[in-house]
Amino acid sequence: MKAEGHPDYHMITVKMTDGTEFQTRSTWGKEGDTLALDIDPTSHPAWTGGNRQVQEGGRVAAFNKRFGGLSLKK
């Protein structure tokens, strides 16, 4: 196998949203870089059970608002 066929795999530091840090191996960044997470299991609503940040409505609601008064009755 060719030596240049694989990415560089090195140690980085991952910083969670609550400030805790841990080291892991990754292909992201360079040796010793710090990856600061915006969302992680300690803050994401899927794991914490908090409110979801989903828009109210959406495409179906917009369709019903626009065409809700129409009916197929004769």
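In this report, the structure presented in the accompanying data block is examined. (Residues numbered from 1 in each chain as written. Predicted model: local features only at pLDDT ≥ 70, side-chain atom pairs only at ≥ 80, totals over all residues. Heavy atoms only, no water.)

Here threonine 13 is to be found in strand 1 (residues 10-15). In this structure threonine 13 comes out as buried when scored by relative accessible area, which is 12%. (Helix = DSSP H or I, 4+ residues; strand = E, 2+ residues; numbered from the N terminus. Buried < 20%, exposed > 50% of the residue type's maximum accessible area, 1.4 Å probe, protein only.)

Let's shift gears to the sheet that holds strand 1. The three strands lie next to each other as 2-1-3, forming an open sheet whose pairing is mixed. Both edges of this open sheet fall to strand 2 (21-26) and strand 3 (34-36), since each of them pairs with a single strand only. Mean inter-strand twist for the sheet, computed between neighbouring axes without regard to direction, equals 35°. Note that strand 1 and strand 3 share three bridges and pair parallel. Bridging across to strand 3, valine 14 finds its partner in leucine 35. (Pairing = 2+ DSSP bridges. Axes fitted to C-alpha atoms, helices over the stretch in contact; angles between N-to-C directions.)

A separate point is the packing of aromatic side chains. For the structure shown, the criterion picks out one aromatic pair. Ring geometry for phenylalanine 63 against phenylalanine 67: centres 5.0 Å apart, planes inclined by 45°, an arrangement best described as tilted. Remark: phenylalanine 67 and phenylalanine 63 occur in helix 2 (residues 59-67); sequence separation between them is four residues, near one turn of the helix. (Phe/Tyr/Trp six-rings, centres within 6.5 Å; stacked < 30°, edge-to-face > 60°.)

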